[in-house]
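Each chain, letter by letter, is given below.
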Amino acid sequence: MMYAKLILKNARRSIKDYLIYLVTMSVCVTLFYSFLSISSAYYHPLVGLSYDLAVLGDSMKLAVCMVTLLLLFLIRYVNHYMLLQRQKEFAIQAVMGMEQRTIGWLFFAETLCMGAVSVVIGIVLGMAGSQFITAMLLSDYGQDYQFTWMLFPDTLLLTIGFFACCLLLVGFFNIRSIRRVRVIDMLSAQRQNGPALGKSRFMHVLLALYLILCGWMLFSGLQMITCYFDTRFAWPVHLLFYGLILAPAASILVPAAWLVIRLVQKRRTGSRTVSFQQLLAVQTVCILLNAIAAACVPGMKSRYLLAYGSGVMNEYLTYLTVHVVFFICTFLYLVNFVVAAWKDRSPEHCYRGENLFFYGQILSKLTVHTKSMILICTTLVLSICLFLAAPVLTGWSLGYLQDRCVYDIWMYSTYNKTYEESELELDDYAAVTEFLTDNGIRTAYDHTFCEYLPRRADFHTRVKWQFPVLAISLSDYNAIREMLGHAPISLADNAFAMQWQSIASDDEKAAFLQSHPAVSTDAGTLTLADSGSYDISIGESIYNYYTDVIYIFPDHICEKLLSVNRERYIQTAEELSYADARALEAVFLDLHDTDTGQPQQSEASGVQYDIRLRTLEMNSTIGFNFVLKSAMIYGAVVLLVICLTVLSLQQLLDASRYQYRFAVLRELGVEEHSIRRLVFRQLGFWFALPVTLAVLVSAVIGVNFLQVISAQIHAYIGTAVLLAQLGAILSILALLLLCYFISTWILFLHLVEP
């Protein structure tokens, strides 16, 4: 009973110290409950008969639980901050005769009590937060949102169980830490300074590892130029291939030259004047060159249709990631010495006002915080990239879905695994007609048509990127246009037109039109009609492999050509239910003896058949899209909260340790407004250093990423829509940063008050 009173008394007295703990834990619980609520068995939003959310709930639960494991680090770090803040109090209790084991259990009980309060607050806020997740879900499914206040028992139990395990696990670590710390160390903990500047050797180790990577990149560049280089490539491709060799070679030669110069200077003068920091400054330029070369690999492949595959691109994307991380490490490491050099070489600035105290504060913690700043900056880059990628990837997916799912039901065949013309026995899809009749499913439009090869000799052309462009008759094309609500077109007897995929770029269209003003067919030569290029969305199954265009020929021409594919497009009178769509898909796949959704990947020879249904495509794609978007946003928010919380607690811990320094300033006559301005500058440096670098690095990565997929953005998302989404995201990031900075500034001033 006495210990219980002591626990409650300590908790009430230390409520200011626990404020950061309460806020952080409450935010963690709120995020966890909000995102996990849609996986509840009691969660039944009205999304219509065309959708099934069962798979969505299971996937969401897995994604949220995996991301939430990151919160263990944050909870541990916040508890460690509380432990350091209370060390002097623990030391006094130990001096008064209380056992350190008892002190540890009392602190464990305090944190558990505060954790319980945080869980309650977080669940209440999570109930409101789940409404925003529901609104986002219904928006993706095209449904109207209606507010429903509901507590989900299974999500509640899972939330309480997860955070209870986290608190227990961290609490036992705290007890162990308190028992192992000496009382004298507790008393002097707040007056201990960090290690001397420049003593750490971690950058030497990182540089050695980086040079090994550069050696491997050099070897990969030599392999790449041996296997894929061609003198007929344009000069940017030449520059890329040689840059992938010269950039890593320069990164290796610079340290080698530095070692030679150091040895020569040591032998001649007995001293080494070229420092390790100067080596890193030069190496930073080589890092940027390596990063630029690696970043150009995906863009060059899409622009010039280079032959290397996804394995090469993944390899160089890995190189790019390592270059970015090492650049961050190098830059933040050099900041230590840049600030010290500026202080030594600018005495007129250093001794003006409170600048000497400011530089002393910065330099006293630069070495101690360098590694943590590297981790914070790298994590911020990952968080910002997740924020930026979420609307791009999900918008791309949804836009592509709308472009692909233009019919309620569509069936198609592919001839590309058929090696003899005699095997081209095309199905009329009578089983589908029977299923629709038996289940009373009425159709508004139903059209079956064939696709043709302009020349029979192209039947055996199966080389990647050289597959022949298929043709469709004018009447069939006009029937499809009528089905989709477009006006028909007309052609002269000896003319043809083209239908393009939405993803095709203007440059690609112009180049193809220029090189194909006429088409040679088995029925004669046709010329391109005036305004004979169309790009309405008619689905993707109609195009041959690795082609973005299909020819439109007059009917009498197609009658003389070899038909290789047969397709059937159906628009139902009413929306097809999820159960009927599943049943129809099962009937079709059983009939054609296939269980794959991608017939081109089947190993069997002969004509391949497949069926697509808008209901199933929309359900699976929107569900996966929502899980991906939620996981990316949740992970980005968690990483951002971790970074800003760690950054804030570092400064607050320094404030509690350096109270006497600000007391000396007051005794020297420094006014309070000058101290507030000094604190603002100090916090501004620590916040601006990792955040600004992270924003710049993320901007470069984001621009390169958007440039690589510019065609997809133009076709499926829209530049204006994407810029609006990115602007909203950046505004949220700026708001969160401002809130953390202002809160830290206020608490810092409170801690250094007399």
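See the structure printed just above.
None of these values were measured; they are calculated from a predicted model. (Residues numbered from 1 in each chain as written. Predicted model: local features only at pLDDT ≥ 70, side-chain atom pairs only at ≥ 80, totals over all residues. Heavy atoms only, no water.)

**A few points about the overall build of the protein chain**
Line of reasoning, step 1. Helix and strand counts for the protein chain stand at 24 helices and 9 strands.
Line of reasoning, step 2. Across the 754 residues in the protein chain, those meeting the buried criterion constitute 50%.
Line of reasoning, step 3. Long-range contacts, defined here as pairs at least 24 residues apart, represent 85% of the contacts in the protein chain between residues at least 6 apart.
Line of reasoning, step 4. Split by element, the accessible area of the protein chain, about 36,200 Å² in all, is 63% carbon and sulfur. (Helix = DSSP H or I, 4+ residues; strand = E, 2+ residues; numbered from the N terminus. Buried < 20%, exposed > 50% of the residue type's maximum accessible area, 1.4 Å probe, protein only. Contact = heavy atoms within 4.5 Å. Areas by Shrake-Rupley, 256 points an atom, 1.4 Å probe, with all protein chains shown as cover.)

**Overview of the environment of valine 607**
Line of reasoning, step 1. As for its position among the elements, valine 607 is in the loop between helix 19 (578-591) and strand 9 (608-613).
Line of reasoning, step 2. Exposure remark for valine 607: the relative accessible area of 16% places this residue in the buried category.
Line of reasoning, step 3. Sequence separation between valine 607 and threonine 414 is 193 residues; the distance between their C-alpha atoms is 5.9 Å.
Line of reasoning, step 4. Ignoring any residue separated from it by four or fewer positions in sequence, one finds valine 607 in contact with Ser413, Thr414, Thr418, Glu423, Leu424, Glu425 and Leu426.

**Regarding the pattern of salt bridges**
Line of reasoning, step 1. According to the stated counting rule, one finds 10 salt bridges in the structure shown.
Line of reasoning, step 2. The partner of arginine 442 in a salt bridge is glutamate 574, with the nearest N and O atoms 2.0 Å apart. With a gap of 132 residues between them, arginine 442 in the loop between helix 15 (430-438) and strand 2 (443-453) and glutamate 574 in the loop between strand 8 (562-572) and helix 19 connect regions that are remote in the sequence.
Line of reasoning, step 3. As a salt-bridge pair, aspartate 458 and arginine 455 come within 3.4 Å of each other at their nearest N and O atoms.
Line of reasoning, step 4. Accessibility expressed as a relative area gives 15% for aspartate 458, which makes it buried.
Line of reasoning, step 5. On the accessibility criterion, arginine 455 (38% relative accessible area) is partly exposed.
Line of reasoning, step 6. Ionic contacts of the salt-bridge type, sharing partners, join the residues Asp610, Arg612 and Glu617 into one network. (Salt bridge = Lys/Arg side-chain N within 4 Å of Asp/Glu carboxyl O.)

**What to know about the nonpolar core**
Line of reasoning, step 1. Ranked by size, the top nonpolar core spans 143 residues in total, and within it Phe163, Tyr308, Tyr316, Tyr634 and Phe662 carry the most contacts.
Line of reasoning, step 2. In this structure tyrosine 308 touches Met224, Tyr228, Leu240, Val297, Met300, Lys301 and Met313, once residues within four positions along its chain are discounted.
Line of reasoning, step 3. Residues Ile409, Trp500, Ala504 and Ile611 belong to the second largest nonpolar core, which totals 71 residues. (Core = buried A, V, L, I, M, F, W, Y, C linked by side-chain atoms within 4.5 Å.)

**Looking at the packing of helix 11 (residues 276-304) against helix 12 (residues 310-345)**
Line of reasoning, step 1. Contact geometry for helix 11 and helix 12: axes closest at 8 Å, N-to-C directions at 155°. Relative to helix 12, helix 11 is oriented roughly antiparallel. The interaxial crossing formed by helix 11 with helix 12 has left-handed handedness.
Line of reasoning, step 2. In the contact of helix 11 with helix 12, the residues fall into 20 nonpolar, 5 polar and 1 charged. (Axes fitted to C-alpha atoms, helices over the stretch in contact; angles between N-to-C directions. Parallel < 35°, antiparallel > 145°, perpendicular 65-115°, else oblique. Left-handed = near helix turned anticlockwise from the far one by under 90°. Nonpolar A, V, L, I, M, F, W, Y, C, P; charged D, E, K, R; others polar.)

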